[in-house]
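An overview of the molecular structure
Here are the chains, one letter per residue:
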Amino acid sequence: MDDKDILARVGELVSEERALRERSIGSGLREDERIRLTDVEARLDQCWDLLRQRRARLEFGEDPAGATERPAWEVEGYES
């Protein structure tokens, strides 16, 4: 997966996240929708992490293809 593919995936996930958040206004989301929203948020974080890894590898003269998607629990555990 290259940067273009990752950014396309980010776009898809952002669209889905917006749709779910819009549906949450008012009556809220069903349980399955809340679970999906949590999953979408984690997948977005994974995509951004992968993109950051790829760009850092490129910046330091390494092959960006060596970047790997980290598990959601790891990416979600980062502190700002």
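Located above this text is the structure these notes cover.
Below is a short write-up of the structure. (Residues numbered from 1 in each chain as written. Predicted model: local features only at pLDDT ≥ 70, side-chain atom pairs only at ≥ 80, totals over all residues. Heavy atoms only, no water.)

**Some thoughts on the pattern of salt bridges**
For the structure on display, the rule yields 14 salt bridges. Between Arg 9 and Glu 12 there is a salt bridge, and its shortest N-O distance comes to 3.1 Å. Taken together, the positions of Arg 9 and Glu 12, both in helix H1 (residues 3-24) and 3 residues apart, correspond to about one turn of that helix. The salt bridge involving Arg 57 is made with Glu 62; its shortest N-O contact spans 3.2 Å. Since its relative accessible area comes to 41%, Glu 62 is described here as partly exposed. Linked by salt bridges that have partners in common, Glu 16, Arg 36, Asp 39 and Arg 43 make up one network. (Salt bridge = Lys/Arg side-chain N within 4 Å of Asp/Glu carboxyl O. Helix = DSSP H or I, 4+ residues; strand = E, 2+ residues; numbered from the N terminus. Buried < 20%, exposed > 50% of the residue type's maximum accessible area, 1.4 Å probe, protein only.)

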